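Chain residues, written in single-letter form:
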2 protein chains.
Amino acid sequence: MGNMIIGQSGGPTAVINSSLAGAIKAAKANGIEGIYGMRFGIEGFLQGQVVDLGNLFTDLHDLSLLKRTPAAFLGSCRYKLPAWEKDEETYRKIFALLEQFDIDKFLYIGGNDSMDTIQQLADYAAAHGRSERFMGIPKTIDNDLPFTDHTPGFGSAAKFVATSMKEMIQDNESFGATDPRIAVVEIMGRNAGWLTGATVLSKDPECCGPDLIYLPELPFDEDDFVARVERIAKTKKSVVVAVSEGLRLADGTLVCNYGMDASYTDAFGHRQLSGAGRMLSNALSYRLGYKSRAIEFSLLQRCATHMASRVDVDEAYNVGYIAVTKILEGETGKMVTIQVESREPYVSRYELHDVHGIANVEKKVPLDWITPDGTYVTREFVNYVKPLVIGTISPYYAAGLPKHLKLRNVPLCPSPGNEP
Amino acid sequence: MGNMIIGQSGGPTAVINSSLAGAIKAAKANGIEGIYGMRFGIEGFLQGQVVDLGNLFTDLHDLSLLKRTPAAFLGSCRYKLPAWEKDEETYRKIFALLEQFDIDKFLYIGGNDSMDTIQQLADYAAAHGRSERFMGIPKTIDNDLPFTDHTPGFGSAAKFVATSMKEMIQDNESFGATDPRIAVVEIMGRNAGWLTGATVLSKDPECCGPDLIYLPELPFDEDDFVARVERIAKTKKSVVVAVSEGLRLADGTLVCNYGMDASYTDAFGHRQLSGAGRMLSNALSYRLGYKSRAIEFSLLQRCATHMASRVDVDEAYNVGYIAVTKILEGETGKMVTIQVESREPYVSRYELHDVHGIANVEKKVPLDWITPDGTYVTREFVNYVKPLVIGTISPYYAAGLPKHLKLRNVPLCPSPGNEP
């Protein structure tokens with residue numbers, strides 16, 4: 001039996017390392033001898049940056065700590081392989097490295113772009129009659145991969161944004177005796193509004209939830225937005241709006257870019273960059289005269305492993321594990337998907353899907369899961385996302401802070417790319 | 001025995017409700033009959049907004065949920081009483097309300113400004129031979145109250161910023177194969193750098209911590225800052241800087257205001273507001289050409305009760321409890337303080353201090369706890385803050401999100417201010 005290599009790619013999530021842990025566990029359980037990891041995804045691999053994961057994880061405790069470690073343990077990249085028909089050289093290099101390490105199983109944890117990598121490699125192998133197999137493990141807080149009910153990483157990000165939204169709304173309501181206080185909260189998601197919509201979960205018997213939710217699936221109308229906030233502020237002192245970073249005006253202009261031309265510099269002479277949330281918060285301050293605050297959850301929404309969802313951690317682990325068992329069964333050019341049998345009680349299972357049709361495709365929020373006025377999500381959306389945030393996994397603490405596992409001072413395996 | 005009233009004031013913290021819970025518990029344990037709460041602090045009280053806390057908390061489970069609830073349960077205000085010698089009318093109104101509810105014990109949870117309220121009321125009572133007593137309960141994430149080792153609220157905010165910083169640094173290090181990635185993280189604290197300094201706790205065997213820490217206690221030099229980041233980025237791919245929102249240039253200008261003149265508007269015609277972190281992140285992008293990201297922890301750092309420190313929750317509860325027992329013993333015009341007998345093992349006890357000397361005074365970070373080059377904190381600072389983040393208090397969860405207690409639809413007690 002040949003060896004295995006695994007890599008992580010794209011923006012990290014709170015549970016991308018759970019998938020890595022699941023894959024390592026499966027590789028060990030199935031007696032795979034050489035278990036390698038790429039540093040910094042395919043980009044690092046092309047430079048020969050390979051570590052020996054089999055040796056690194058001889059202690060099972062480390063795997064459970066790995067599940068509790070945010071960000072990409074192996075390092076990540078945003079590197080898209082060229083089309084293999086146009087640049088065979090890159091592929092010859094990759095396959096030479098695979099041969100060097102006697103690797104016939106290649107797993108890649110990532111989103112749309114990463115599935116393109118799996119597709120290219122599997123297609124190249126097929127076209128050249130090679131026996132190496134390639135398997136995708138889904139991962140993205142954006143939840144925009146097709147043919148899977150949802151993606152690992154999304155549930156934990158949803159839990160973090162909903163929890164933070166709930167805590168923040170409590171805070172914003174503290175000053176009820178005075179003028180209206182507005183908060184515009186910007187959530188990640190350039191083209192798909194799944195995570196922004198998940199802020200709806202903060203709405204429960206003790207919290208009113210966001211007053212308005214704007215997803216990038218529909219064009220944004222500033223005048224209508226301002227008028228709605230003004231109307232809401234007449235009846236309640238705290239108004240909280242969730243907006244996607246990727247909101248666009250009807251003409252396609254990104255709200256965050258509107259007005260951001262080159263001449264727009266501060267006294268340092270620097271061009272000022274801004275987000276959609278800040279633009280809209282400023283619009284409210286300016287047009288309504290209210291105290292408005294822009295809040296960006298920023299990187300926290302994808303790295304807050306201390307708030308990870310148990311369902312998400314477990315599913316992330318399972319897709320990693322199953323990817324290995326399936327590649328051992330001879331599958332290639334596929335991605336593991338999650339299929340939900342029942343949302344209540346929550347029952348999910350795993351399948352495979354051809355990466356063709358997944359790579360480079362973005363699954364957006366169905367338009368009929370957005371209210372007709374475009375300012376909230378429907379009951380269907382709530383039912384969809386609700387089970388994905390259930391359960392907690394407590395961090396291991398030392399000195400009051402969560403412990404993480406760190407890949408540091410681990411020697412690279414000798415390869416042509418990293419010789420002294 | 002007369003009745004008691006308690007209020008919350010200023011910016012909320014993750015544990016301000018723990019102090020409220022401690023005070024209610026002490027009031028019940030000591031047989032105080034009427035236990036009232038002010039809605040929205042002294043501002044709401046002046047409008048006669050009073051609720052009956054004794055009736056509300058008949059179930060002890062509610063008190064433990066109250067300890068896990070962020071923001072000001074009773075509502076808060078930023079309202080400073082006029083000097084009593086200049087506006088006796090306001091004071092006559094307050095004391096008339098106290099008489100109406102037969103209140104002789106007045107407790108106020110807050111920071112510097114709130115202690116001014118206690119001072120004014122105690123001074124007025126003394127000058128007019130009145131028997132009502134007034135007691136301050138410390139609270140602020142800024143940790144800037146004198147005569148107390150630290151303030152409740154600070155430890156939990158420190159735990160949140162250090163945890164988030166640690167998770168975020170892991171994330172920022174994920175892309176090590178490419179160009180340097182800079183993050184400038186802005187932390188609350190206009191004049192005192194305690195909370196910004198607490199990001200140092202993220203430095204441990206598995207995390208390098210922030211590379212630079214800038215506190216508002218020292219003037220900020222942009223050229224030196226840019227040069228340092230450039231130097232660090234030569235040896236590591238991820239550079240993370242913690243800056244206080246209140247950084248000022250040598251001439252006193254707030255970094256966040258620099259260049260923010262009235263003509264500085266975007267294409268909507270809105271004046272753009274920015275924070276110190278964003279200004280400095282833009283400076284790095286512009287001057288060094290690096291990818292730089294500004295991150296603001298914003299309200300999350302003061303309302304993330306899900307990440308509260310056990311030491312902080314317990315001390316917050318205790319200062320609330322002790323304030324009641326001390327006011328029952330006849331004390332007035334004082335604030336409960338925390339005195340640390342030993343930092344390791346951590347042993348703290350409680351004392352009282354005259355609010356004169358506390359009100360309106362800000363305790364800053366000692367200059368010799370900042371490194372000579374002004375870009376980090378010393379070992380003394382670390383030893384000071386370390387014990388304050390220890391321990392966790394798990395939220396109660398429902399549907400995957402932390403449960404909170406909400407004051408809603410609770411009728412106000414009849415008073416002249418709120419009659420129909």
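This one's a predicted model, so the numbers in the text were calculated from it and none came from an experiment.

Asker: Lay out the domain arrangement of chain A in plain terms, naming residues and giving numbers.
Answerer: All names here are of chain A. The domain boundaries assigned to chain A delineate domain 1 (3-140 + 305-359 + 393-418) and domain 2 (154-303). Placing a centre on the C-alpha atoms of domain 1 and another on those of domain 2 gives a separation of 34 Å. Residue-level contacts link 13 residues of domain 1 with eight residues of domain 2. Split into classes, the residues belonging to the side of domain 1 that touches domain 2 amount to eight nonpolar, four polar and one charged.

Asker: Mind laying out the nonpolar core, listing which residues take part and the relevant values?
Answerer: Counting 265 residues, the largest nonpolar core has A:Leu107, A:Ala158, B:Leu107 and B:Ala158 as the members making the most contacts within it. The contacts of A:Ala158, once residues within four sequence positions are left out, are A:Leu195, A:Ala198, A:Leu201, A:Val385, A:Leu388 and A:Val389.

Asker: How would you summarise the sheet that holds strand E7 (residues 212-214) of chain B if you had to cite specific residues and measurements?
Answerer: Residues and elements named next belong to chain B. Pairing is parallel across the open sheet formed by four strands, whose spatial order is E7-E8-E6-E9. Pairing within the sheet leaves two strands with one partner each, and these edge strands are E7 and strand E9 (291-296). For this sheet, the mean inter-axis angle between neighbouring strands, taken without regard to orientation, is 15 degrees. The sheet contact formed by strand E6 (residues 181-187) and E9 spans six bridges and is parallel. Residue Val-185 lies in a different strand from E9, and its bridge partner there is Ile-295.

Asker: Run through the pairing of strand E1 (residues 3-8) of chain A, naming residues and quoting values.
Answerer: All names here are of chain A. Counting buried residues in E1 gives five out of six residues, a clear majority hidden from the surface. As judged from the six bridges shared by E1 and strand E4 (residues 103-110), these two strands associate in the parallel manner. The partner of Met-4 across the bridge, within E4, is Lys-105. Pairing of E1 with strand E2 (residues 35-38), which is carried by three bridges, proceeds in the parallel orientation. Bridging across to E2, Ile-5 finds its partner in Tyr-36. Considered for its hand, the β-α-β crossover made up of E1, helix H1 (residues 16-29) and E2 is right-handed.

Asker: Help me get a handle on the relation of the copies chain A and chain B, residues and values and all.
Answerer: Here two copies of a chain appear, and what relates them is a rotation about an axis with a shift along it. Here chain A sits on chain B after a turn of 180 degrees about the axis and a move of 0.0 Å along it, with an RMSD of 0.0 Å. Expressed as an axis order, the relation between the two copies is that of a two-fold axis. Of the residues that chain A buries at the interface, 100% are likewise interface residues in chain B, meaning the two copies contact each other through the same surface.

Asker: Just give me the short version of helix H6 (residues 112-127) of chain B, but keep the residues and values in it.
Answerer: All names here are of chain B. Given a rise of 1.5 Å per residue, 16 residues ought to cover 22 Å, and the 22 Å separating the end C-alpha atoms of H6 matches this to within 8%. Lining the buried residues of H6 we find helix H2 (41-46), helix H5 (88-100), strand E4 (103-110), strand E5 (133-138) and strand E10 (334-343). Within two residues after H6, Gly-129 carries a phi angle of roughly 60 degrees, on the positive side.

Conventions adopted
Residues numbered from 1 in each chain as written. Chains lettered and ligands numbered in written order. Predicted model: local features only at pLDDT ≥ 70, side-chain atom pairs only at ≥ 80, totals over all residues. Domains from an automatic or database assignment. Contact = placed C-beta atoms within 7 Å. Nonpolar A, V, L, I, M, F, W, Y, C, P; charged D, E, K, R; others polar. Core = buried A, V, L, I, M, F, W, Y, C linked by C-beta atoms within 7 Å. Buried ≥ 20, exposed ≤ 12 C-beta atoms within 10 Å, placed from the backbone. Pairing = 2+ DSSP bridges. Helix = DSSP H or I, 4+ residues; strand = E, 2+ residues; numbered from the N terminus. Axes fitted to C-alpha atoms, helices over the stretch in contact; angles between N-to-C directions. Right-handed = clockwise from strand over helix to strand, strands pointing away. Least-squares fit on C-alpha atoms with pLDDT ≥ 70 in both. Expected span 1.5 Å × (residues − 1).

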